[in-house]
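Okay, here's what each chain looks like letter by letter:
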Amino acid sequence: MDDNFEFPTSSNVNMEVDDEPVSPFELKLGEEKEIGKNGLKKKLLKEGQDWDTPSTGDEVEVHYTGTLLDGTQFDSSRDRGTPFKFKLGQGQVIKGWDEGIKTMKKGEQAIFTIPPELAYGESGSPPTIPPNATLQFDVELLSWSSVNDICKDGGIFKKILNGGEKWENPKDLDEVFVKYEARLEDGTLISKSEGVEFTVGDGYFCPALAKAVKTMKKGEKVLLTVKPQYAFGETGRPASHDEGAVPPNATLQIALELVSWKAVSDITKDKKVLKKILKEGEGYERPNDGAVVQVKLIGKLHDGTIFTKKGHDEEPFEFKIDEEQVIDGLDRAVKTMKKGEVAVVTIQPEYAFGPSETQQELAIVPANSTVYYEVELLSFEKEKESWDMNTQEKIEAAGKKKGTHCSRLAVRFIEYDSSFSDEEKQQTKVLKITCNLNNAACKLKLKDYKQAEKLCTKVLELDGMNVKALYRRAQAYIQLVDLDLAERDIKKALEIDPDNRDVKLEYKILKEKVREYNKKDAQFYGSIFAKMNKVEKARSANGAGQQEPVPMTIDSKA
């Protein structure tokens, strides 16, 4: 055996080999089977652990002994006392190894019989391996590290050094706390932090960090190989303060640890009420609409001024979900919390105190203020769900809610009334009309005109002569610039109630809108016709000279 033998690749072998992935299969101890269709055989000597096997791109660590069929040994990592490492499926070893080792489990030991087509072919590897030699390798898979192509474009490779906890990954809104160390390929340190916090969507240091942490678990440690497009690109970055320069088109090696993160959820799906969890709650139960909750809370302005503090120095602050006892954003956020959860809720004006200045217990909240609440949910008692109620209980529940929070959830108790008696159906009809009208008024206030129109239409399906529904739908139509439909509803409302002052006032608004749009139309078309007239005059004046026609131009103001 040659003590200086180095495990060569088969790149010099001219052959075509099936690159299809090998289907997983099981072997019994001492059993030998063929892998694929190219003559590679595997005999199991020792079973491995678990069920997982390495994938293409993973860095594997093995011990091996290589022999010819007559038993002549030509190489052994065991004799050298140093395990052999390589990246699977990257052409760093002979094809038989790439195909065979990806069928192994951690700790498994097997003998692979590799035909020359999957080894060193017709040329062999002088002086130790003759031409057209079939080889046998006794291989033990010690371990492997997964290497993932995060962006699927070769821009960021992630090698897991230490697996994390649980299964969750951070999202764009979450705030992560990481440690990292970034180096050039020659080992030069360019940046390091023993702890930095940032919002994932905002990123930090270079684009690769944000993309990588979204694939990581809490406590996970990785090594990133970052190509220039996810680092500092073609221009690089000059040195600054205690950070080194990054040359143009530099590839970085970044050791990254995701220490922890705070989950941030978009409660209203418009990023106007955000909840950041500081402490996880217990179990899975959350308050429902109508639940009685007990909390501790502190409300602050952007500058830190405390405008309310409840439940800290006295009994817990108690309120009922969806009863307008607190601002809308806080109501919605607490509904998503678990018992014992502590969170910071950021609420923009639309879901807080709106455009008006508001006096609170400890300070004034200025108009259009974004407010911040630190909330701990101490306990809650859920309201009975609608499916657990009898028909009369449903009617009573809807009646209680018809005037609260724009009645947005009251209808759910009575929406499906097939089980109601005729008398109860009449009661539910009245409640549906009241709830949908209240909800439509709320949607108009929130400038959700399409939804307001739909709610009024539901009312008119139940009561086609309802003046309030016609009036509010006309308001929605005016804002949606469906002026003909608005006029139709107003005229019908005035036929039913000729003296209704609100409807008459809305008719004046409508007429003014019509005049306004007619004036705009007249200006628009007048400008077009004026331009066209100029073009015709130019053509007439220049007709004798047979000049080219002048193209029509329309003033951008038109």
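Residues numbered from 1 in each chain as written. Predicted model: local features only at pLDDT ≥ 70, side-chain atom pairs only at ≥ 80, totals over all residues. Heavy atoms only, no water.

The secondary structure content of the protein amounts to 10 helices and 22 strands. Relative to its 558 residues, the protein shows a buried fraction of 42%. Once local pairs closer than 6 in sequence are excluded, the contacts in the protein between residues at least 24 apart make up 65%. Carbon and sulfur atoms make up 47% of the accessible area of the protein, which totals about 31000 Å². (Helix = DSSP H or I, 4+ residues; strand = E, 2+ residues; numbered from the N terminus. Buried < 20%, exposed > 50% of the residue type's maximum accessible area, 1.4 Å probe, protein only. Contact = heavy atoms within 4.5 Å. Areas by Shrake-Rupley, 256 points an atom, 1.4 Å probe, with all protein chains shown as cover.)

On to the pattern of salt bridges, then. For the structure on display, the rule yields 24 salt bridges. Overlapping salt bridges bring together Glu181, Arg183, Lys192 and Glu194 as one network. (Salt bridge = Lys/Arg side-chain N within 4 Å of Asp/Glu carboxyl O.)

For the rest of this paragraph, the subject is the nonpolar core. Formed by 30 residues in total, the largest nonpolar core has its most connected members in Phe205, Leu224, Val226, Leu252, Ile254 and Leu256. Secondary-structure elements contributing two or more residues to this core are strand 10 (175–184), strand 11 (189–199), helix 3 (207–213), strand 12 (221–226) and strand 13 (252–262). Tallying contributions element by element places strand 10 first for this core, with five residues. Listed in part, the 29 residues of the second largest apolar core include Ala291, Met337, Ile347 and Phe353. (Core = buried A, V, L, I, M, F, W, Y, C linked by side-chain atoms within 4.5 Å.)

Next up on the list: the environment of Glu194. Topologically, Glu194 is positioned in strand 11. Sequence separation between Glu194 and Glu257 is 63 residues, and the spatial gap between their C-alpha atoms is 9.7 Å.

Let's shift gears to helix 6 (residues 422–445). A rise of 1.5 Å per residue sets the reference length of helix 6, with its 24 residues, at 34 Å; its end C-alpha atoms lie 35 Å apart and thus fit the reference within 8%. Buried residues of helix 6: Glu424, Thr428, Leu431, Lys432, Ile433, Cys435, Asn436, Leu437, Asn439, Ala440, Cys442 and Leu444, and no others. The positive-phi residue at the C-terminal boundary of helix 6 is Lys447, with phi of around 65°. (Expected span 1.5 Å × (residues − 1).)

With eight of its 10 residues buried, strand 3 (residues 59–68) lies for the most part within the structure. In terms of strand pairing, strand 3 meets strand 5 (residues 84–87) through four bridges, oriented antiparallel. Within strand 5, the residue paired with Val60 across the bridge is Phe86. One ladder, built from 10 bridges, connects strand 3 with strand 7 (residues 135–145); its direction is antiparallel. Each bridged residue has a counterpart across the sheet, and for Gly66 the counterpart in strand 7 is Phe137. By the bridge criterion, three bridges tie strand 3 to strand 4 (residues 73–76) in an arrangement that is antiparallel. Across the sheet, Thr65 pairs through a bridge with Ser76, a residue of strand 4. Hairpin remark: strand 3 followed by strand 4, antiparallel, with four residues in the connecting loop; positive phi at Gly71, about 95°. (Pairing = 2+ DSSP bridges.)

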